[in-house]
Each structure stands twice: as C-alpha cells, then as structure tokens.
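Structural description and commentary
Okay, here's what each chain looks like letter by letter:
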Amino acid sequence: MSDRSFVCRCEDVTLAEIDHTLARGLATVEEIKRYTGLGTGPCQGKECVGLLCRILIDRGALRPADAQPFTARPPVEPVTFGSLAAAVLEDEQP
Amino acid sequence: MSPKPGTPMGSASQPLPPAVDVAIVGAGIMGLALAYHLARLAPRLKIAVVERSYLVSGASGRNGGGLRMQWGDAGNVRLMMESIAECRGLAQELDINLWFRQGGYLFLARSEAGERRLIRNAELHAEVGAPTRLLSAAEAQAIVPQLAVDDLRLASFNPDDGVVFPWPFVWGYATQAVRRGVLLRTHTGVSRVEPRADGYQLRLTSGETLQAQRVVNATGAWSHGLNRGLGIRLPNQPHRHEILSSEPLKPFLDPLVVDLGSGLYFSQSTRGELVAGITLPDAADGSDTSLTLHSSLRFLGHISRTLTRLMPITAAMKVLRQWTGPYDVSPDGDAIVGPSPGHPGFIQVCGFTGHGFMMAPAVGRLLARWIADGTAHPMLTRWDPGRFAAGQQSRREDMIIG
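Residues numbered from 1 in each chain as written. Chains lettered and ligands numbered in written order. Predicted model: local features only at pLDDT ≥ 70, side-chain atom pairs only at ≥ 80, totals over all residues.

**Some thoughts on the overall build of chain A**
- Looking only at helices and strands, one finds 4 helices and 3 strands in chain A.
- Secondary structure elements in chain A, listed N-terminal to C-terminal, are β-β-α-α-α-β-α.
- In terms of overall size, chain A is more extended than a compact globule, its C-alpha atoms giving a radius of gyration of 16 Å where 94 residues would be expected to give roughly 12 Å.
- Counting all 94 residues of chain A, 32% fall into the buried class. (Helix = DSSP H or I, 4+ residues; strand = E, 2+ residues; numbered from the N terminus. Rg over C-alpha atoms; globule rule 2.2 N^0.38 Å. Buried ≥ 20, exposed ≤ 12 C-beta atoms within 10 Å, placed from the backbone.)

**Description of the confidence of the model for chain B**
- Looking at chain B, pLDDT values average 95 and 98% of them are 70 or higher.
- Model confidence for the complex: the whole-complex pTM is 0.95, and ipTM, which rates the interface, is 0.92. (pLDDT = per-residue confidence, 0-100.)

**Quick look at the domain arrangement of chain B**
Residues and elements named next belong to chain B.
- The domains assigned to chain B are domain 1 (1-99 + 162-236 + 330-402) and domain 2 (100-161 + 238-326).
- Contacts between the two partners involve 30 residues from domain 1 and, on the opposite side, 35 residues from domain 2.
- When residues of the side of domain 1 that touches domain 2 are traced back to their parent elements, those giving at least two are strand 3 (66-67), helix 2 (74-88) and strand 7 (162-163).
- The leading source of residues in the side of domain 1 that touches domain 2 is helix 2, at 6 residues.
- Looking at the side of domain 1 that touches domain 2 residue by residue, the classes come out as 17 nonpolar, 9 polar and 4 charged. (Domains from an automatic or database assignment. Contact = placed C-beta atoms within 7 Å. Nonpolar A, V, L, I, M, F, W, Y, C, P; charged D, E, K, R; others polar.)

**Here's the deal with the environment of Ala 72 of chain A**
Residue and element names in this part refer to chain A.
- Secondary-structure assignment places Ala 72 in the loop between helix 3 (49-58) and strand 3 (79-80).
- On the basis of neighbour count, Ala 72 is assigned to the exposed category, with 12 C-beta atoms found within 10 Å.
- Residues Ala 72 and Gln 44, 28 residues apart in the sequence, show an inter-C-alpha distance of 8.2 Å.

**Structural notes on the sheet that holds strand 5 (residues 133-135) of chain B**
- The sheet built from 9 strands is open, its strands ordered 3(A)-16(B)-12(B)-15(B)-14(B)-13(B)-4(B)-6(B)-5(B) with mixed pairing. Of all the strands in the sheet, the pair left with one neighbour each is strand 3 of chain A together with strand 5 of chain B.
- Strand direction decides the pairing type here: strand 13 (residues 256-259) of chain B and strand 14 (residues 264-268) of chain B, joined by 3 bridges, are antiparallel. When the sheet's bridge partners are listed, Val 257 of chain B is paired in strand 14 of chain B with Phe 266 of chain B.
- Contacting strand 12 (237-246), strand 13, strand 14, strand 15 (274-277) and strand 16 (318-329) of chain B, helix 8 (residues 297-310) of chain B crosses the sheet at an angle of about 75° to strand 14 of chain B. (Pairing = 2+ DSSP bridges. Axes fitted to C-alpha atoms, helices over the stretch in contact; angles between N-to-C directions.)

**A word on the packing of helix 2 of chain B against helix 4 (residues 112-128) of chain B**
All names here are of chain B.
- Running from amino to carboxyl end, helix 2 crosses helix 4 at an angle of 55°, the nearest separation of the two axes being 10 Å. One element, helix 2, and the other, helix 4, form an angle in the oblique class. The way helix 2 lies across helix 4 gives a crossing that is right-handed. For the pair formed by helix 2 and helix 4, the contact residues are Ala 74, Val 77 and Arg 78 on the first element and Leu 124, His 125 and Val 128 on the second.
- Looking at the contact of helix 2 with helix 4 residue by residue, the classes come out as 4 nonpolar, 1 polar and 1 charged. (Parallel < 35°, antiparallel > 145°, perpendicular 65-115°, else oblique. Left-handed = near helix turned anticlockwise from the far one by under 90°.)

**Focus: the interface of chain B and chain A**
- Listed by partner, the interface residues are 32 residues for chain B and 25 residues for chain A.
- Those elements that provide at least two residues to the side of chain B that touches chain A are helix 8 and strand 16 of chain B.
- Per element, the largest residue contribution to the side of chain B that touches chain A is 8 residues, and it comes from helix 8 of chain B.
- Looking at the side of chain B that touches chain A, its residues break down into 15 nonpolar, 12 polar and 5 charged.
- In terms of strand pairing, strand 3 of chain A meets strand 16 of chain B through 2 bridges, oriented antiparallel. For Val 79 of chain A, the partnering residue across the bridge sits in strand 16 of chain B and is Val 319 of chain B.

What follows is the structure, encoded as structure tokens:
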C-alpha cells in the first residue's frame, strides 16, 4: 500500500502519518485523533475510526477486544446555528 | 516543521527511578512548560512528570486557545504581555507549528456598566504599555463587518492579542522537555502523596512509588484531591464550561470577539473553524461544579440564539462538535502559585480560573526559576496560596470570560 493511502478523508490523514504517530509513542485512538486531526472533520470519525482500529490491531498496538471509538461529540450530524437558535430544546422547557 | 519521526514525548511505559529531585504531577501545559524550563535552567535536577491520562486530555486540550493582554488587573496585563512576547518565538524554540495568529481581541460593551469597564481597562492598559484602544460601533464593524452593532455602546481592541491551536503547545513542551532529560510518564495517576523526612513519596496507580524532594501540583481542576490528602485546604474548585466548533470556512474573522454582557466569545481558528463558548447559568442538578464533562443541548440552544443575534451570518453555519472542559476556579479570579501552607516542598500551580493556558508560557518560565534558584518573581508571589487563610484577598479579577 502507498504511503499516500488516506485513512481519514475529511482531514487528509494518511497511513504514513498514523505510523509516524505510533513511532512517537502515541498509541491510542484518543491520542491519534488529537495528534493527526483524524476524525475531527465533517464525518466526526464515522468513516475512519473503524479503519484506524484495524490498523492499530495490524500493528500490534491494540487488542481486538479493546477496540473502542473515541468519545462521541454531539451533534450526531452537522446542524446550523440557525436551526438550533429556532428550536425549543427539550432540556430548556420549564 | 514537526519533530523528527520517533522523537518520544512520554509514554505509559517510560521507566521511573525510585527517587527524583522534582516530581511534577499533571502533564498539561502548566506542568510541561515548567518541566521544560526547569530542565534548561537546572540540567542536573532529576525531573519526572506523571500524567494520569494521555497528553492534552485535560483542560489544556479542551480550551478555546485565546491569548490576551486585556485584563482588569495591571499584574495580569503585564504577565500576558510577557506570555504573548514569548509566544512570538516559541514555534522555533519548540520546533513545532503552534498556529499562533495575532488577530487581536475585540471586546463589546452593550451596557453602561460594560462601557465603564472598557474605559477603565483601556486607561490601565495605557499605563502598563499594552496597545489597547477604544472603538466606536462603526470602528468595531470595520474590523468585523458581519457584526450587528445597533445596541453597541463601545468596543475595545488590542491587536497583539491572538489565538493558538492548544494541542501542539503541549506536544512541543513535552518533546523539548523529554529531549532535555525529563522523564514523562503518561497513563499513570498519583493516588496519594505522603510526607517523608526528606520530601514526599508518591504512590502511583501502577503500584510503583516515587520519592521526590519537591512535588508540584499542576493538576488544575483536579488539584483538590491531592491537596486534601495532605491536609492542605485551598478554596479553588472545578467548574464545567462548554465550547463548540463549526465546520471549517475560509478565513473571514480576524479577532477573537467577546460580548461582555452575555459572556459569548468566538474566534476563527487557523483550521478555519469557528470556536465559540458562552457563560451559561448553572444547571439545577449541581453538575456544573463537578468534573463530569458531559455536553448539553441547553448550551447549544443558548449559544446559538446569542451568536446568531450578534453575527446573523452564522445562522447558516453548521456546528460540527461540542465538548466540555473544566475551569479551575479561584474565589478571587487569580491563580494559586507557590509553596503550600504548612508544606513548603509541595508547590501549587493551580487556580487559573480558565486562563491557565494563555499564562503558562510565562508562568512556566518564572516558576522554573523560583524552583531552580529560589528567585521568586513578584508576578508569582502575588498569587501566594496562603492569602486565603490570611484574609488577604484584595480584589477580584473581573475579566473572566466564558
């Protein structure tokens, strides 16, 4: 596989960059997310986290039973400030 | 340029010796900036940093990345002038891109009280030498054309203030500290600190123990637990703050904007995202003074209404992600730094009330000097942890945002 193989398409994170991160001693999905930006784009990791876990397992950095996605951040999908401003939100009702 | 492949910056498997000269608990920006400067000033000191989770897991990885000189207290203005001056050469010094961008901070006053604060601050800043200037509504709009200014009474602007991307600061200090011999152990907590005849013994969650002549508590909002174990009573406590980022856009917003009345702040990061937070009334369940870092829909609704009123153009922008981080709140709004009451070998660097990240470049350097050769800088001694018991709280910094 080429060094230019993309793992995270939103943030252009390549396989070579994942290996660079591992070589610096960062080995968990939370650390790799923060060091490379993987999973911080429009899909918020939905496309890439599974693939990242697979790579970590292949590299011996993660046991399959321990594979977990990083902390999910709301909203589930991108929402405009306008629609959030107009909505009567459940936890704001008296 | 990023560090060379393979350059370590601490790990869960970093071996620790039985004893060190200085043990720093907490590898946030404060602990790591201190470790880096201490290793430079006193290369013979054996220094270990112990972090309970991964780097940037705490407040250093969760803040909005703002750096400003615009404070209500002359000491804080001076300190931040030093910190921002230090940031200008820091990317080269740490050999990492910090995404530091000086687009200024624009403060907005929509009430008479807010107007008075900005006028008083601008006079203070002029005395200290910070280039803050007061702006009319039209002048503020010239800097941010999308701003709604119909009820704007006055604005203040300091062009030297700016934003950074917080994460690389932490990695840069970590890498350079490790390169200078600092032992950085991650994913290892300190469960107890026990006084010994010659310093302290740290019991680690890994089952190991570490002896240290001096210990620094750099755990911010988590500092209470370690202090309590030693019988040190300090009044700082955690407070939850939420923040969000939008989808990335082309650069359109130069300054970080703060609306004094609502506590709304927003800036555009160098990645292009709008990063925004706001003062949110505490939830009724008491969770806001805990360290539970959950996100709320209440925050999203509140900030969206305020932001779209102030910047109508944002109505069409999309929120990508929201998260939470803790402020380590001190009752007078000022930090808690120096030897602890009754424990001169147990040094605090806590209580920064939401502005520790921006102050760390200067505080790390000054505190390292204090620990290395005993030179206590007045910028730090005014933050004496003993001031609360002695009843010497003289004022409250009133430019706490978010």
